[in-house]
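A structural walkthrough
Chain residues, written in single-letter form:
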Amino acid sequence: MADAIQKKLQTELEKYQQIQKDVSKSMSARQKLEAQLTENNIVKEELDLLDSQNTVYKLIGPVLVKQDLDEAKATVAKRLEYINGEIKRYDSLLKEMEQKTEQHREVLASLQQEFQRAQGLAVGKA
């Protein structure tokens, strides 16, 4: 009986560790999005300081190409919208993962108690 519980405990532990890895990856991705958000907000602020007399260039590969100011502002606005949406998505994903982590912690705790009781019974019979 203790062996079956131990195998189940090991399986649950592996699932828990995988969730922890997923949480770590998601947090890292969210941090990258935060950095991109900051960069794009700075670009937006800089573009807002310009008027139609200024020239805006866009880097495409190794070449700087002239770009319309309104087009540049629209591009940055779309990028900010996308990044904010992704950050919200990662926030909800991390919240779900945290709930799964908590559920697995509870399952692991109960399995450990069950395993210890089974070991105690096995020692008592011997």
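Residues numbered from 1 in each chain as written. Predicted model: local features only at pLDDT ≥ 70, side-chain atom pairs only at ≥ 80, totals over all residues. Heavy atoms only, no water.

1. Re the packing of aromatic side chains
The condition is simple: Pairing of aromatic rings covers Phe, Tyr and Trp, the last through its six-membered ring, and needs centres within 6.5 Å; plane angles under 30 degrees mean stacked, over 60 mean edge-to-face, and all others mean tilted. Here, a charge over a ring is recorded when the distance from Lys NZ or Arg CZ to the ring centre is within 6 Å and its angle to the ring normal is within 35 degrees.
Tallied over the entire structure, the rule returns 0 aromatic pairs. Over the ring of Tyr-90 we find Arg-89, and its NZ or CZ is 4.9 Å from the ring centre.

2. Points about the UniProt feature "coiled-coil region" (unreviewed entry) in the chain
Applied cut-off: UniProt positions are given in the numbering used here, feature names are shortened, and annotations may be inferred rather than shown by experiment. Each helix is a run of DSSP H or I of at least 4 residues and each strand a run of E of at least 2, with the numbering of both proceeding from the N terminus.
Summarizing the sequence annotation, UniProt attributes the feature "coiled-coil region" (unreviewed entry) to residues 2-36 and 80-114 in the numbering used throughout. For residues 2-36, helix accounts for 100% and strand for 0%, while the C-alpha atoms at its two ends are 51 Å apart. For residues 80-114, the helix share is 100%, the strand share is 0%, and the end-to-end C-alpha distance is 51 Å.

3. Side note on the environment of Glu-39
Which entries qualify depends on this criterion: Exposure classes here rest on a 1.4 Å probe applied to the protein chains alone. A residue is buried below 20% of its type maximum, exposed above 50%, and partly exposed in between.
Within the element layout of this structure, Glu-39 appears in helix α1 (residues 2-48). For Glu-39, a relative accessible area of 51% gives the class exposed. For the pair Glu-39 and Leu-80, spaced 41 residues apart in sequence, the C-alpha to C-alpha distance is 9.8 Å.

4. Structural notes on the pairing of strand β2 (residues 63-67)
For clarity, the cut-off: For two strands to be treated as a pair, DSSP must find no fewer than two bridges joining them.
Where strand β1 (residues 56-60) lies against β2, 5 bridges are found, and the strand directions are antiparallel. Residue pairing across strands places Val-56 opposite Gln-67, the latter belonging to β2. Connecting the antiparallel pair β1 and β2 is a turn made up of 2 residues, with Gly-61 showing a positive phi of about 65 degrees.

5. Regarding the pattern of salt bridges
What counts here: What makes a salt bridge here is a side-chain nitrogen of Lys or Arg within 4 Å of a carboxyl oxygen of Asp or Glu, nothing more.
Inspection of every chain in the model, using the stated rule, returns 6 salt bridges. The network of salt bridges with common partners includes Arg-30, Glu-34 and Asp-91.

6. Regarding the side chain of Glu-86
Residue position: Glu-86 is located in helix α2 (residues 69-125). According to the relative accessible area criterion, Glu-86 is buried, its value standing at 16%.

7. Some remarks on the nonpolar core
To keep it simple, the criterion reads: Joining through side-chain atoms within 4.5 Å is the link that ties buried Ala, Val, Leu, Ile, Met, Phe, Trp, Tyr and Cys residues into a set, and such a set is a nonpolar core. Contacts were defined at the residue level, with two residues in contact if any of their heavy atoms lie within 4.5 Å.
Formed by Leu-33, Leu-37, Leu-47, Val-56, Leu-69, Ala-72, Val-76, Leu-80, Ile-83, Ile-87 and Tyr-90, the largest nonpolar core amounts to 11 residues. For this core, the secondary structure elements donating two or more residues are α1 and α2. Counting residues per element, this core draws most heavily on α2, which supplies 7 residues. When residues no more than four places from it in sequence are discounted, the contact partners of Val-76 are Asn-40, Val-43, Lys-44 and Leu-47.

8. Looking at the environment of Ile-5
In this structure, Ile-5 sits in helix α1. Residue class for Ile-5 comes out buried when judged on its relative accessible area of 6%. Residues Ile-5 and Arg-79, spaced 74 residues apart in sequence, show a C-alpha to C-alpha distance of 51 Å. Ile-5 has contacts with Leu-111, Glu-114, Phe-115 and Ala-118, leaving out every residue within four places of it along the chain.

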